[in-house]
Amino acid sequence: MEKSGNWSLLPAPLMIVVSGLLVLYLKYGAAGAAKPFDIGFLPYLLFCMLEAVCLNYILVRKKYDVAIFPLVLTLASVGLVEIARLKPELLGPQLRWLCIAQLVMLAVICLWSRIRQLLSYPYLLGLTCVFVLGLPLLFGTEIGGSRNWLVFGPFSLQPSEFGKIIILFFLAAYLSDHRHVLSLPSYKLGPLSLPPLRFIAPLVCIWGAAVLMFVVEKDLGSALLFFGMAVLMTYMATGSKTYIFLALMFIGLAAAVSYAAFGHVRVRFDIWLDPWQDPNGMAYQVVQSLFAFGTGGIWGTGFGFGHPGFIPEVHTDFIYAAIAEEWGLVGSLSILVCYVLLAWRGICLSLHCQREKEMLLAAGCSMLLLLQAFIIIAGVTKFIPLTGITLPFVSYGGSSLVSGFIEIGLLLAMSNAEGEGSRSHA
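The structure displayed is predicted, hence computed values, not measured ones.

Participant: Any chance you could break down the overall build of the protein chain for me, citing the residues and the numbers?
Facilitator: Scanning the protein chain from N- to C-terminus turns up 17 helices and five strands. For the protein chain, the residues scored as buried account for 52% of the 426 residues in total. Look at the contacts in the protein chain between residues 6 or more apart in sequence, and 72% of them connect residues 24 or more apart. Here the protein chain has roughly 19300 Å² of accessible surface; of this, 70% comes from carbon and sulfur atoms.

Here it is as structure tokens:
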């Protein structure tokens, strides 16, 4: 792709923000409007746009991948417009977090030569991940029914958002180091061929510890996300279907035990089976989300003309329902296409990586974003039980935004490193 073509991808997300905010200003900012539209966010918006243009210039000039960043900006732009529509007072904070996230992404790219050295310490990464995920048990604060937040004065942080990046490094490092042993059967258990226990035990311990902590912290969405990533990366590294079968058995047993032992798990499962048994109580969010999807139809009610405010916490867990109501099936499918294209681009980059650990890491980053989007979208559409995780780059939340841009920074760094490596061997 020529450099002149590289820039053609950038105006789209910028125009989404400008057009969306202009619509909201004309609707709510006119004289006599009952809901005045505050434009105090404009300095942050201008700085954020300037930052995006500069970052894109650097990526193009240094020959990094040129499709990933515009796709992410498109999703982030939709998120900004929706947050301005749903919670105008949160637009300024979200813009500030986006500025910070882009700077963090640039730092990850610049420091990649040092960050990649972490892949040499798999056991340290695993212990660090368990420590980070366990912090809310000791110092956490319960927000929204989940004890997975650390509060520092006016700031709140979700350790799980950064723990998932650490576990990606652990899985990439450990699976790469032991791939051949994990792929070769050691003994038979019925139709299953299992590797030596001493090699699979660390993997199972990390899985179990992470999932147990999330169940205790009532963060079922993150538990499902971490477990799904562990299974996917194990399968990508070994190609063994035995691990898929064992994972299904493990998750089935864990689900049964959790349903029997934890009341909040029972509530989520019962709501999923029949939300209409308590439409004005515990199932209110899911029911209103289903109404939003039905109201939107194919073309939507029009931006700013729906009623997504009926859904509690619509700007975080249920922002996709708001998009479906006002943007319709066309708009909601366009969001899905962006995630699929992002994951596909990341997988293509991973296939060009010359180092096995980085190949697994790049594939893991790509699939993590896609899996997270699938879990929350499936939850708000009642395809699976509802989980309290964010829609990457779209939902409101600083921790989610920063961790997502760290993953994008890793992908971009590996795209440039492999490109330089291939050119040097040519």
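Participant: Let's hear about the environment of Leu-342: which residues, and what values?
Facilitator: The topology assignment puts Leu-342 in helix H15 (residues 319-351). On the accessibility criterion, Leu-342 (2% relative accessible area) is buried. As for Leu-342 and Phe-69, which are separated by 273 residues in sequence, their C-alpha atoms are 9.2 Å apart. Setting aside residues up to four positions removed in sequence, Leu-342 forms contacts with Ile-68, Leu-71, Val-72, Leu-369, Phe-393 and Ile-408.

Participant: Describe the pattern of salt bridges, and please don't skip the residues or the numbers.
Facilitator: This model, assessed by the stated rule, comprises seven salt bridges. Put simply, Arg-345 and Asp-65 hold a salt bridge, and the shortest N to O gap is 2.6 Å. A residue pair is termed long-range when its members are at least 10 positions apart, and Arg-345 in helix H15 and Asp-65 in the loop between helix H3 (42-61) and helix H4 (68-86) qualify at 280 residues. For Arg-355, the salt bridge identified is with Glu-358, shortest N-O distance 3.8 Å. Using a relative accessible area of 44% as the deciding quantity, one classes Arg-355 as partly exposed. Overlapping salt bridges, with partners in common, bring together Arg-116, Arg-355 and Glu-358 in one network.

Participant: Can you tell me about empty space enclosed by the protein, naming the residues and giving the values?
Facilitator: Gaps between atoms show up when a probe of the same size as a water molecule is rolled over them. The tally for this structure, following the rule as stated, stands at one cavity of 30 Å³ or more. In this model, the largest cavity occupies a volume close to 90 Å³. Around the largest cavity, the lining residues are Pro-13, Leu-14, Val-17, Leu-45, Cys-48, Met-49, Ala-52, Leu-73, Ser-77, Leu-80, Leu-95 and Leu-98. At four residues, the largest contribution of residues to the lining of the largest cavity is made by H3. Among the residues making up the lining of the largest cavity, the classes are represented as 11 nonpolar, one polar and no charged.

Participant: Report on helix H12 (residues 241-261), specifying residues and quantitative values.
Facilitator: For H12, which comprises 21 residues, the first-to-last C-alpha distance of 30 Å matches the rise-based estimate of 30 Å (1.5 Å per residue) to within 8%. Of all the positions in H12, only Thr-242, Tyr-243, Ala-247 and Ser-258 are classed as buried. Viewed end-on, H12 has its buried residues packed into an arc of 125°, placing them on one side of the element. Residues of H12 that are exposed and angled more than 90 degrees away from the buried face: Lys-241, Leu-248, Leu-253 and Ala-260.

Participant: Would you mind going over the packing of helix H8 (residues 159-177) against helix H11 (residues 220-238) in detail, with residue names and values included?
Facilitator: In the contact formed by H8 and H11, the axes pass within 10 Å of each other and the chain directions differ by 20°. It follows that H8 is roughly parallel to H11 by the angle criterion. Crossing angle aside, the handedness with which H8 passes H11 is right-handed. Residues Ser-160, Gly-163, Lys-164, Ile-167, Leu-168, Leu-171, Ala-172 and Leu-175 of H8 pack against Ser-222, Leu-225, Phe-226, Met-229, Ala-230, Met-233, Thr-234 and Ala-237 of H11.

About the criteria used
- Residues numbered from 1 in each chain as written.
- Predicted model: local features only at pLDDT ≥ 70, side-chain atom pairs only at ≥ 80, totals over all residues.
- Heavy atoms only, no water.
- Helix = DSSP H or I, 4+ residues; strand = E, 2+ residues; numbered from the N terminus.
- Buried < 20%, exposed > 50% of the residue type's maximum accessible area, 1.4 Å probe, protein only.
- Contact = heavy atoms within 4.5 Å.
- Areas by Shrake-Rupley, 256 points an atom, 1.4 Å probe, with all protein chains shown as cover.
- Salt bridge = Lys/Arg side-chain N within 4 Å of Asp/Glu carboxyl O.
- 1 Å grid on protein atoms, 1.4 Å probe; cavity = no way out; pocket = protein on both sides within 12 Å on 5 of 7 lines; lining within 4 Å.
- Points joined across faces, edges and corners; volume = space filled by probe spheres on them.
- Nonpolar A, V, L, I, M, F, W, Y, C, P; charged D, E, K, R; others polar.
- Expected span 1.5 Å × (residues − 1).
- Arc of directions from axis to C-beta.
- Axes fitted to C-alpha atoms, helices over the stretch in contact; angles between N-to-C directions.
- Parallel < 35°, antiparallel > 145°, perpendicular 65-115°, else oblique.
- Left-handed = near helix turned anticlockwise from the far one by under 90°.

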